[in-house]
Amino acid sequence: MASQDALRQTARLASSSALLQVLSRGVSFALNAFTLRHLSRELIGVVSVRLTLLYSTVLFLAREAFRRACLSGGAKRNWTKTINLLWFTVPLGIFWSVFLGAVWLHLLEVPDPTVVPHYQAGVVAFGLSAVIELLGEPFWVLAQAHLFIRLKVIAESFSVLSKCVLTVILVILYPQWGLYIFSLAQLLYTSILVMCYVIYFMTFLGSPEATKKSFPVARMKALLPNLVEDETFVNWKEARLTWSFFKQSFLKQILTEGERYVMTFLNVLNFGDQGVYDIINNLGSLVARFIFLPIEESFYVFFAKVLERGKNVKHQKQDDVATAASVLELLLKLVLLIGLTITVFGYAYSQLALDVYGGSMLSSGTGPSLLRCYSLYVLFLAVNGVTECFTFALMCKEEVDKYNFVMLALSFTFLCISYFLTHWHGSVGFILANCFNMGIRIAHSIHFIYDFFKESTCRPLSGLLPSPLLLLVYIISGAITVFSEVFFCCDKGWMARLIHISVGALCLAATIVTMFCTETKLIGFVRSQFLSQYMKKGT
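Residues numbered from 1 in each chain as written. Predicted model: local features only at pLDDT ≥ 70, side-chain atom pairs only at ≥ 80, totals over all residues. Heavy atoms only, no water.

1. Topic: the overall build of the chain
Part 1: Looking only at helices and strands, one finds 22 helices and 0 strands in the chain.
Part 2: Classification of the 539 residues of the chain by burial places 57% in the buried group. (Helix = DSSP H or I, 4+ residues; strand = E, 2+ residues; numbered from the N terminus. Buried < 20%, exposed > 50% of the residue type's maximum accessible area, 1.4 Å probe, protein only.)

2. Some words on a nonpolar patch on the surface
Part 1: A contiguous nonpolar surface patch, about 530 Å² in accessible area, is contributed by L161, V165, I169, I172, L173 and Y174.
Part 2: Note that L173 resides in helix α7 (residues 149–173). (Patch = residues over 30% accessible without salt bridge, like charges linked within 9 Å, V, L, I, M, F, W, Y side chains within 5 Å. Areas by Shrake-Rupley, 256 points an atom, 1.4 Å probe, with all protein chains shown as cover. Salt bridge = Lys/Arg side-chain N within 4 Å of Asp/Glu carboxyl O.)

3. Concerning the side chain of E133
Part 1: Structurally, E133 is set in helix α5 (residues 119–134).
Part 2: E133 gets classed as buried once you look at its relative accessible area, which sits at 7%.
Part 3: Only 2.3 Å separates the side chain of E133 from the side chain of Y55, close enough to count as a polar contact.
Part 4: E133 has contacts with Y55, L59, R63, Y189, T190, L193 and V194, leaving out every residue within four places of it along the chain. (Polar contact = N/O pair within 3.5 Å; in protein donor to acceptor, adjacent residues only side chain to side chain. Contact = heavy atoms within 4.5 Å.)

4. Remarks on the nonpolar core
Part 1: In terms of nonpolar packing, the biggest core is built from 157 residues, with W104, Y197, F201, F215, F303, F390 and F453 touching the most fellow members.
Part 2: Top element by residues in this core is helix α14 (residues 318–358). It accounts for 18 residues.
Part 3: Ignoring any residue separated from it by four or fewer positions in sequence, one finds F390 in contact with F303, L307, L328, F448, I449, F452 and F453.
Part 4: With 5 residues, the next largest nonpolar core counts Y349, L352, C489 and C490 among its residues. (Core = buried A, V, L, I, M, F, W, Y, C linked by side-chain atoms within 4.5 Å.)

5. What about α7?
A turn of α-helix holds 3.6 residues, and therefore any two residues three or four places apart point the same way.
Part 1: Under the 1.5 Å per step criterion, the end-to-end length of α7 is 37 Å for 25 residues, consistent within 8% with the ideal 36 Å.
Part 2: Of all the positions in α7, only I149, L151, K152, A155, E156, S159, V160, S162, C164, T167, L170 and V171 are classed as buried. (Expected span 1.5 Å × (residues − 1).)

6. Remarks on the packing of α14 against helix α16 (residues 367–394)
Part 1: In the contact formed by α14 and α16, the axes pass within 7 Å of each other and the chain directions differ by 170°. Between α14 and α16, the angle is such that the two are roughly antiparallel.
Part 2: For the contact of α14 with α16, the per-class residue count stands at 18 nonpolar, 8 polar and 1 charged. (Axes fitted to C-alpha atoms, helices over the stretch in contact; angles between N-to-C directions. Parallel < 35°, antiparallel > 145°, perpendicular 65-115°, else oblique. Nonpolar A, V, L, I, M, F, W, Y, C, P; charged D, E, K, R; others polar.)

7. Focus on the packing of α5 against helix α8 (residues 179–204)
Part 1: Remark: α5 packs on α8, axes separated minimally by 9 Å, with the N-to-C direction vectors making an angle of 5°. Taken together, the axes of α5 and α8 are roughly parallel relative to one another. Judged by residue contacts, Y119, A121, G122, A125, F126, L128, S129, I132 and E133 of α5 engage L179, Y180, F182, S183, Q186, L187, Y189, T190, S191, L193 and V194 from α8.
Part 2: Residue composition of the contact of α5 with α8, grouped by class: 13 nonpolar, 6 polar and 1 charged.

8. Observations regarding the confidence of the model for the chain
Part 1: Scored by pLDDT, the chain has a mean of 83; 90% of the residues are at 70 or more.
Part 2: Mean pLDDT across the elements of the chain ranges from a minimum in helix α22 (residues 532–538), with 46, to a maximum in α5, with 95.
Part 3: Counted against residues more than four places away or in other chains, residues 533–539, with its pLDDT under 50, gives 7 contacts. (pLDDT = per-residue confidence, 0-100.)

9. Side note on helix α6 (residues 137–145)
Part 1: Extensive coverage of α6 is indicated by the burial of 9 of its 9 residues.
Part 2: Within α6 the residues assigned to the buried category are E137, P138, F139, W140, V141, L142, A143, Q144 and A145.
Part 3: After α6 finishes, the residue L147 shows a positive phi value of roughly 55°.

10. A closer look at unusual backbone geometry
Part 1: In this structure, H118 is a non-glycine residue whose phi angle is positive, near 65°.
Part 2: One can find H118 in the loop between α4 (89–106) and α5.
Part 3: You can call H118 partly exposed: its relative accessible area is 30%.

11. Some words on the environment of K402
Part 1: Turning to its location among the elements, K402 is positioned in helix α17 (residues 397–425).
Part 2: Placed 158 residues apart in sequence, K402 and S244 show a C-alpha to C-alpha distance of 9.6 Å.

12. Here we look at the pattern of salt bridges
Part 1: Inspection of every chain in the model, using the stated rule, returns 11 salt bridges.
Part 2: When the shortest N-O distance is used, the salt bridge between E296 and R68 registers 3.9 Å. Residue E296 is found in helix α13 (residues 286–306), and its partner R68 is found in helix α2 (residues 41–70); the two are separated by 228 residues along the sequence.
Part 3: E296 gets classed as buried once you look at its relative accessible area, which sits at 18%.
Part 4: The partner of E388 in a salt bridge is R441, and the shortest N-O contact between them spans 2.8 Å. With E388 in helix α16 and R441 in helix α18 (residues 428–453), this residue pair connects regions lying 53 residues apart in the sequence.
Part 5: A single network of salt bridges, built from pairs that share partners, joins R63, R67, E133 and E137.

This is the structure in C-alpha cells:
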C-alpha cells in the first residue's frame, strides 16, 4: 500500500534526521561548553540572540511558506512550475536581508565595540549567509519531497561539523577577532550546505538510478527558472497557498522567536543576561531539536502525502484515514512520554547539569530555575509539534487564512505577556509566556483534529492519555528525585552527586520498564518503523 510505503520512508527519514541532530548538535554542545570558557557572555549573547535572530527571521520569512505549500500534494506534479515558484525565495530573502539588516544596524542598540567588536560585519555576514542558503531551496524541497534521506544527513552533518571546527580553531588562534569568528563560520556553514545539495544533484540527474526511479527532473538546467510553453510560469494554486502560509509564517515567527524579539527590541535584558538565557534555552531545547523537529518535519510530508488537503474525512480513502489516525495516535503518545520524562527528571537535575556544563556562571542565580521551567516547556513543545504537523498538512487555504487571524491575536497577546512576565519574574517570564503560547496553539490543533475525525471511528487523540500506572510511576519518580536533590546536590561533593545521579538512573529505569509493560502498541510502532533499519544492520 502506498500509505504504508510512505510511512516506512517517513519513519526512516525521521529516525535518520534524529540521529543526525544528535551527532551534529552533540558537537555544537561541546563547542558551546568550550566557548563559554574562552569568550565573554556579551559576545555569546550578541551572536546567539541578536545575529541568529536576524538569520532565522530572514530564512523563515523567505522560505517557510514556500516549503509548506510546495511539499503538499506529494511528489507527482509539474515540478517545473514548483521550482519556478521556489526561486522567488531568493529575491524575497535579499529584500528581507537588506531591510532587516538596516534595522539591526541603525535602529537597534549597538553593542560596545570594546566588548563586542565588528558588530557591523556580523550583521552583513549573517544576512548574506541567509541568502546563500536560499540558493539551495529548490534542491532541498525536491530532495525532501522524494525522501532523499542520506543526502540530508550528509549535507547537514558535514556543514555543522565544518562550522564547529572552524569556530574552535579561530577561537584558539584569534580570540580578539570577536564577531569575525562567528561570521566566517556561519558563511562556511551555509556555503557547504548548498554545495552538498548542488553536487549531489549534478551527479544524480541523468544517472541510471534517476532513470530507474523515473525522477521528474532530468538535468541541472531544469532546476533553474524555466518558462512552460503555453502555460503559466507557476502553479497558481501553490502560489495562493504560499501567500496564505506566508501571512501565517510571519505570525508564527513572532511566536517561535518571541522572547528574542522582546530582548532585541525592548532591551529587557542586557547582552550578558541574553547570553546566559540563550545558553540555557539551547540546553533545554536539545531534545526538541534532536527528536521533535525531525519527527515534525518528516511526518508533515507523510500526512500531506497520505491525506488530501481540504477534504473532510468522508471524502478521503478510508484505509489511508485509518493509517494516518493510527500513526497520529502513536506519535502523540511517543512525544508525550518523552516530554513527561524530560519534565519529571529535568526538575531535579537542572542545577547539576548546569554546574557540570558551565560552572557557577550558569548554576548560580536564575539558571536552575530557567532550566526547570524549560523542562516543563519541552512537554508543550512535544505535543504542539505533532498536532500542528497534522493540522498544517490538512488545512485548506480558507482554514489557513482563518487561522492567521487566531495567530495575529495570539502574537499580540504573547508579546504583551512576555513583556510583563519578564518585568515580574526576569528571564523566567519568557519561558512561562512560551508555555501559555504553546498551550493555546495545542488547543487549536486538538480542536481541528477532533473535528476532522469526529465523523469516523478513529480517535487519535487518545494518544494523549498515558496509562494510569505509568503516570503513578512518573509521580513517584519525581518525588524521589526531588528529595534526592535536597539531600545530595549540589554543594556536598562529587560522591553525593554520584548518589543523586544513581537515584535518578534507578527511577528512570523503573519508568522505562513500566513503559514497556503498559505501552506495548507504542513500543511495537517504534521498533517496526524507527528502529527497524538499525536492527537489520546489526543482524
